[in-house]
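So the chains spell out like this:
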Amino acid sequence: MASSTMRTGCLIILALLLAMPLSADEFEDFAKSEMGSFTQFRDERDAEFVSFLKAQWAEFDASRGVVRDSVPKPSAMPVAKPPEPVPAEEEGVETPPEPATPVGEIVLPALPPSLPPEPEVVPDGEGISPEPIEPPVAVEPAPLPEVPPVPEEPSPFDDPSGMETEMVPVGLSIAFFGANHLFHGEFSFPHTPLAKPLKPAIASYWEAMSQSSKFEAFLSQAREKSEDLGLNDWGYHNFLFTCGMAVHDGDRNLANLFTWFMSVKSGYDARVGYSDNRVYLLLPSRNTLYSVSYLTLQGTRYYAMTFDGSREKLGRLYTYKGKYPQSERLMDYRILKVPALGPEITEKELSFEYGGVPQALKVSYNKSLVDYYRYYPQTNIKIYFDALASDELNYSMVKELKERLEGKSEKEAVDYLLGFSQKAFAYKTDDDQLGREKYMLPEETLWYPYSDCEDRSFLFAYLVRRVLKLDVVGLNYPGHVATAVRFSDNVAGDYVVMNNRKYIVCDPTYINASAGMAMPKYKRRSPNVVKIRNWQ
């Protein structure tokens, strides 16, 4: 492409000149010339794109969001029947030995700085008389000798002509899930509300943004903040949209244009579309999204994305087919890091009964993550199985479960985690609780008053992997989600096979069911087995 050719040529010339004995003035003149060439190229590229936006739009029919599973979920959790007693005439029949492989050492992770320190354990000193402690003697400090002031040496920056430009805050502070993020510098963005016709108005917005010398400083800081926060692509665009809403005083159309411009300048193949007086943000994805309207352009789906839970019901809308140069990236919705959001540590005590004995676990988690995930798009269930949990949840869960599970066999420990997942949470489908389908990550399952089958399966799989270090797979049935665990012993019961390995069915929604017990409704059905990423 022209851009890569120009940059390659500039690098070759720069390398040749660096090998030549240039004076400082000669090199500075060359650097200014090359910077001017790049700026001119950037301006030409934006000018061509603005001309394209003023002309090359077409009307398209949007598609309704895909439904991941149209089979209704159970309205209530089924309860497993207790195992039938062994008939007297069969009592003498030899039964296989109970699984006995113990769980490995459960290692308590480091205490996160956001949690209070654990109280120190004072050794039992009963019967030991402590030695008397002498009272402290007050010592009058000796007066310090007077130190003559040291005169300041003149700074090379005292001369205003040589002073470096200071980046000063001008009030652009962005509140983003528990913390404020301050952008340094002076920024000017177009503020005029969009007016019909929208096509030339959108082109004018791009032109005004691209001609501003300030957007690059803003974009550089936005990228840096996103990286520091550990945001994925959706989190980064959520951050950009939040900035756009702040910059444009809550104007959603302008905020969508702001996000689109910054996204394209970040290398994403983002688009915008319009219909009547509305502007829509269209983002391509490498993952399938569900219940999100989309356009298909040249084989790629562009989803109408929002970040506040509103649903864009698209009909016919206008957009463009072309791409801005070097904007090829698709959105990736995998959650490979836990976002480092402002801490809002919340404690919850979870009560349940196991083996006829009341149990209680006290866990901690970051409520900011619950708010962040509230409107995360529904996507492939593998993404939720693969997702990581926060350090606060990891520490508190392992701390609470360590003494309860160490010394048990793998099956006993898994059965305990099943009992916890089945009975510590009230059941209600997402439609009944929220009016929409939503997959919940472990922190969300702790926060919301109700959860259903896939939420418990994500939580159970996380616990088995994090605490017991056992291999787990997801089981995706029509209308239901469960899990299966690979044991060291030959555990009896229902199972699935993946890669020649046997996984025992474990259903966190089947009340009182132990490992090896599938719901009767699904015993004869072959699920889609979901391999879970190994993040140990």
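Preceding block: the structure.
Predicted model only: the values in this text are computed from it and were never measured.

Cut-offs applied
Residues numbered from 1 in each chain as written. Predicted model: local features only at pLDDT ≥ 70, side-chain atom pairs only at ≥ 80, totals over all residues. Heavy atoms only, no water. Helix = DSSP H or I, 4+ residues; strand = E, 2+ residues; numbered from the N terminus. Buried < 20%, exposed > 50% of the residue type's maximum accessible area, 1.4 Å probe, protein only. Contact = heavy atoms within 4.5 Å. Axes fitted to C-alpha atoms, helices over the stretch in contact; angles between N-to-C directions. Parallel < 35°, antiparallel > 145°, perpendicular 65-115°, else oblique. Nonpolar A, V, L, I, M, F, W, Y, C, P; charged D, E, K, R; others polar. Pairing = 2+ DSSP bridges. Phe/Tyr/Trp six-rings, centres within 6.5 Å; stacked < 30°, edge-to-face > 60°. Lys NZ or Arg CZ within 6 Å of the ring centre and 35° of its normal.

Engineer: Kindly report on the overall build of the chain, identifying the contributing residues and their values.
Structural biologist: Looking only at helices and strands, one finds 13 helices and 17 strands in the chain. Residue burial in the chain is summarised as follows: out of 536 residues, 45% are buried. Long-range contacts, defined here as pairs at least 24 residues apart, represent 70% of the contacts in the chain between residues at least 6 apart.

Engineer: Lay out the environment of Leu 369 in plain terms, naming residues and giving numbers.
Structural biologist: Topologically, Leu 369 is positioned in helix H7 (residues 367–373). Taking the relative accessible area as the measure of exposure, Leu 369 reaches 1% and is therefore buried. Separated by 25 residues in the primary sequence, Leu 369 and Glu 344 place their C-alpha atoms 8.7 Å from one another. Ignoring any residue separated from it by four or fewer positions in sequence, one finds Leu 369 in contact with Val 338, Pro 339, Leu 341, Ser 390 and Glu 443.

Engineer: Report on the packing of helix H9 (residues 391–405) against helix H13 (residues 453–468), specifying residues and quantitative values.
Structural biologist: The packing of two helices is summarised by the inter-axis angle and the distance between the axes. Two numbers describe how H9 lies on H13: the axes approach to 10 Å, and their chain directions differ by 70°. The pairing of H9 with H13 is recorded here as roughly perpendicular in orientation. When H9 is examined against H13, the residues Leu 393, Asn 394, Met 397, Val 398, Leu 401 and Leu 405 are found in contact with a partner set consisting of Tyr 462, Leu 463, Arg 466, Val 467 and Leu 468. Classifying every residue of the contact of H9 with H13 gives nine nonpolar, one polar and one charged.

Engineer: Kindly report on the sheet that holds strand E15 (residues 495–498), identifying the contributing residues and their values.
Structural biologist: Taking strand neighbours across the sheet as the criterion, the five strands line up as E15-E16-E14-E13-E17 in an open arrangement whose pairing is antiparallel. Edge positions in the open sheet fall to E15 and strand E17 (528–531), since each of these has one partner strand only. When the angles between neighbouring strand axes are averaged without regard to direction, this sheet yields 35°. Here four bridges tie strand E13 (residues 472–477) to E17, and the two strands are oriented antiparallel to one another. In the strand pairing of E17, Leu 475 is matched with Val 529.

Engineer: Which residues make up the pairing of strand E9 (residues 345–354), and what are the values?
Structural biologist: When E9 meets strand E10 (residues 357–366), the two strands line up antiparallel, connected through ten bridges. Bridging across to E10, Ile 345 finds its partner in Asn 366. Connecting E9 to the next strand, E10, in antiparallel fashion are two residues, including Gly 355 with a positive phi near 60°.

Engineer: Can you tell me about the packing of aromatic side chains, naming the residues and giving the values?
Structural biologist: All told, the structure shown has 39 aromatic pairs when counted by the stated rule. On the basis of an interplanar angle of 70° and a centroid distance of 5.4 Å, the ring pair of Trp 57 and Tyr 320 is categorised as edge-to-face. Highlighted residues: Trp 57 in the loop between helix H2 (24–53) and strand E1 (58–61) and Tyr 320 in the loop between strand E8 (316–319) and E9, separated in sequence by 263 residues. This pair shows no difference in class: Trp 57 is buried, exactly as Tyr 320 is. Centre to centre, the rings of Tyr 372 and Tyr 373 are 5.2 Å apart; their planes meet at 70°, and the pair counts as edge-to-face. In this arrangement the basic side chain of Lys 428 is found over the ring face of Tyr 450, its NZ or CZ atom lying 4.1 Å from the centre. A cation over a ring is seen here: Lys 502 above Tyr 495, with NZ or CZ 4.6 Å from the ring centre.

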